[in-house]
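Survey of secondary and tertiary structure
Each chain is listed here by its residues.
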Amino acid sequence: MSSTISVTLPDGSRREYPQGTTVLEVAESIGKRLARDTVAGVVGDCLVDLRTPLVADAPLRIVTARDPEAGEVIRHSAEHVMADAVQRLWPGTLIDAGRQDHSEKYQYDFRFPRPFKPEDFEKIEEEMARIIKEDLEFERDEVDREQVRQLMIDRGEELKVERLEAIPEGEAITLYRHGSFVDLCRGPHVQSTRQIGAVRLLEASGAYFKGDESNEMLQRIYGTAFASKKEMAEYFARLEELRKRDHRRLGRELDLFSFHPEAPASPFFHPRGTIVYNGLLDLMREKYLEYGYHEIITPQVFDVELWKRSGHYENYRDDMFFADAFDDVQDRNNSIKPMNCPAHCLLFGGRSHSYRDLPIRIADFGRLHRYERSGVVTGLTRVRTFSQDDGHIFCTPDQIGSEIEKLFDFIFEIYELFGFDDIKVFLSTRPEKAMGDPKVWEHAEKVLADCLEERDGVDFTINAGDGAFYGPKIDFDVHDALGRAWQLATIQLDFQMPDRFDLKYIDSDGAEQQPVMIHRAILGSVERFFGVMLEHFGGDLPPWLAPEQLRVLPITDAVMEYAEQVTAAARARGVRAELDRRSEKLGYKIREGEAMKVPYLLVIGGREAENGTVSLRLRHRRDEGVQSLDSVLDRVVEKIENRSLEL
RNA sequence: GCCCACGUAGCUCAGUGGUAGAGCACGUCCUUGGUAAGGACGGGGUCACCAGUUCAAGUCUGGUCGUGGGCUCCA
């Protein structure tokens, strides 16, 4: 190994340094100003601490406070400063660990005798300001495990000692200090606390130690930090914009749905929301014809024996509602379905099948009820009653591959209609609470993995232990306005249910065989899809889904009769059209039409009435000018029929 | 289920122990106005619910329900 290394900078220039030179030293050799602003480095694709010695030839980019990567480093350092502030204010408070999440927030957990209150936040923020002003340098130490253990024992940091155990043997352990604060940490960190330009604490909550419900609950504080006050102000402005897209807010403003305490976590869809909801179902029904599905309708309430047989009683009982007859309360015999699959098995098993019949694809929009624990429900994305575009495919083992291929086509065809592009695919494998032979599981997981591998343009991540209790699955996640991921589509392979329900088909050789069952949903929960989609569009639904597609705005009462004709003509062509009869000024009517996000506004005054024309205004755009009624309606109908995303 | 915060008119919110308020929305009337808010008047509240403290509670205390943000869970 040579004793000098060659560093390539972003402008393409190369510089030679002695091996072991740090990122900061490289910055210093380039310029004083750069060195002062350096907060980290990027070696290759990897964000590294500015104190990291460079050991091999590599491309290097110096990260200053202005670069996008700086935020992560600054927040990470603010995290330590916050922990330091808490320990300064309340000596003896034990620290657990900090973490950053996806959305410019950091958190730190403490063992603290009581929850943190908003008043505490002020004190902590003041203390943090003091630490930042002290301009304390961050120091990095690479140390051996025993030293760290002894240090943490000496400092009384029991939680840290326990955390240390979890670090795999052989992994390098680093400590970061600033002032008298020291934490076990991978880094990277800024040079000194002065580089943290602006901090704000956001909220407090409880959090289980190591994320395990059986452990003690620690007190967590969330905060955020930026290089400057200006960046922080921009962050809060951005958050406010996102709140405007929140589907719960849009649902109320656009009169789509509401919730009532009498039925917690159970949405009421208003007439407008119901149009949208049914629009989604209509889409699926139309595609079912193409993809060979048969829709069925099944009961809501079942004898509990069904769930004992399917395995739900054992694995899923806590999440189920029971609906017993008045004189039967003790026995909990009647249960409301949380899933459709057992009913579909009963249907399949109700007659004999030939291999020639397979695959059989059945679809069911049946209403499901699941008792979600009180703390987990939110808006439309996690509810207690919902429908899925649920479907089950019964097929032979060698049909699995082609069925899953078809499902990928189906899913991507549907998602394209909504312009969903940020989709993450996961393969979830055998969970702890699983039914059936591990070997069967292994096989099923392999089948799914193979299908994913073969599919071009699909990247997937493995979610170990995250499968359903009856089989492995492929999930498709989409993000909401606040950046939270929600599972929409799912494909689940199931060898257990056919066995439990003793399902059979007669093969070509006359022998009885067990079919494979594929559980699948494309929208997933229609409610959740509704919510995520609403945020995705920011309420601006494409014409085919807009509850009110067109609104006629007469300027004066004198043209009311013609306005009625226009409205009737639109309706005659199948357009959901309304007429604003109120004696308000045009500006006022436009404002309301825009606020309700109606895609097409048709303004009608004396000139239009005289010539049999309309003046068109498209949603969030200016006046498009006077056109003939027919050409406007042609356009509207065309956009609706093609399920266009454009107006 | 656990931790924290919140709950006042349909909506957004003000009101910190002493006679419930504003804007928007809603109703009536006037206005017939050409591309994002015309005017006047009016109706509307068991201050989430139940207890308690107090001469007096929207306001203080406890509980319940609901909502929000997290944790755990999420077939």
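Since the model is a prediction, treat every value here as computed from it, not as a measurement. (Residues numbered from 1 in each chain as written. Chains lettered and ligands numbered in written order. Predicted model: local features only at pLDDT ≥ 70, side-chain atom pairs only at ≥ 80, totals over all residues. Heavy atoms only, no water.)

Another point: the protein's contact with RNA strand B. By nearness alone, 58 residues border RNA strand B, and Tyr316, Arg370, Ile555, Arg591 and Ser615 come closest of all. Within 4 Å of the protein, the contacting atoms of RNA strand B are drawn from sugar and phosphate to the extent of 48%. Arg248 places a side-chain nitrogen or oxygen 2.9 Å from a phosphate oxygen of RNA strand B. Classifying every residue of the surface near RNA strand B gives 21 nonpolar, 15 polar and 22 charged. (Near = heavy atom within 4 Å. Polar contact = N/O pair within 3.5 Å; in protein donor to acceptor, adjacent residues only side chain to side chain. Nonpolar A, V, L, I, M, F, W, Y, C, P; charged D, E, K, R; others polar.)

On to the pattern of salt bridges. Within this structure, the stated rule accounts for 46 salt bridges. Residue Arg272 is joined to Glu548 by a salt bridge in which the shortest nitrogen-to-oxygen separation is 2.4 Å. Here Arg272 is found in helix 9 (residues 271-291), whereas its partner Glu548 is found in the loop between helix 16 (526-536) and strand 28 (550-554), with 276 residues between them in sequence. Of the two residues examined, Arg272 and Glu548, each falls in the buried class. For Arg455, the salt bridge is made with Glu405, and the minimal N-O distance between the two is 3.5 Å. Taken together, the residues Arg455 in the loop between helix 14 (438-454) and strand 22 (460-463) and Glu405 in helix 13 (residues 400-418) connect sequence positions 50 residues apart. For Glu405, a relative accessible area of 30% corresponds to the partly exposed category. One salt-bridge network, in which partners are shared between bridges, spans Asp84, Arg88, Glu127, Arg130 and Glu134. (Salt bridge = Lys/Arg side-chain N within 4 Å of Asp/Glu carboxyl O. Helix = DSSP H or I, 4+ residues; strand = E, 2+ residues; numbered from the N terminus. Buried < 20%, exposed > 50% of the residue type's maximum accessible area, 1.4 Å probe, protein only.)

Within the secondary structure layout, Asp49 lies in the loop between strand 4 (46-48) and strand 5 (58-64). One polar contact links the side chain of Asp49 to the main-chain amide nitrogen of Arg51, over a distance of 2.8 Å. A distance of 2.8 Å separates a polar atom in the side chain of Asp49 from the backbone nitrogen of His189. In this structure Asp49 touches Val23, Arg140, Tyr176, Pro188 and His189, once residues within four positions along its chain are discounted. (Contact = heavy atoms within 4.5 Å.)

We now examine the pairing of strand 22. Pairing of strand 21 (residues 423-428) with strand 22, which is carried by four bridges, proceeds in the parallel orientation. Considered in strand 22, the bridge of Phe426 is made with Thr461. A crossover connection joins strand 21 to the parallel strand 22 through helix 14; in handedness this β-α-β unit is right-handed. (Pairing = 2+ DSSP bridges. Right-handed = clockwise from strand over helix to strand, strands pointing away.)

Attention shifts here to empty space enclosed by the protein. Applying the stated rule across the entire model yields two cavities of 30 Å³ or more. Roughly 80 Å³ of internal volume is contained in the largest cavity. Forming the boundary of the largest cavity are Leu254, Leu256, Arg272, Gly539, Leu541, Ala546, Pro547, Glu548, Met596, Lys597, Val598 and Arg619. When the residues that make up the lining of the largest cavity are grouped by side-chain class, the tally is seven nonpolar, one polar and four charged. In this model, the second largest cavity occupies a volume close to 30 Å³. (1 Å grid on protein atoms, 1.4 Å probe; cavity = no way out; pocket = protein on both sides within 12 Å on 5 of 7 lines; lining within 4 Å. Points joined across faces, edges and corners; volume = space filled by probe spheres on them.)

This part takes up the layout of surface pockets. Taken as a whole, the largest pocket encloses approximately 1,200 Å³ of empty space. For the largest pocket, the lining is made up of 41 residues, of which Tyr316, Met339, Arg370, Lys473 and Gln487 are closest to its centre. For the lining of the largest pocket, the secondary structure elements donating two or more residues are helix 11 (312-316), strand 20 (385-395), strand 23 (473-479), strand 24 (485-494) and strand 27 (516-525). With five residues, strand 27 is the largest single contributor of residues to the lining of the largest pocket. Among the residues forming the lining of the largest pocket, the class breakdown is 13 nonpolar, 13 polar and 15 charged.

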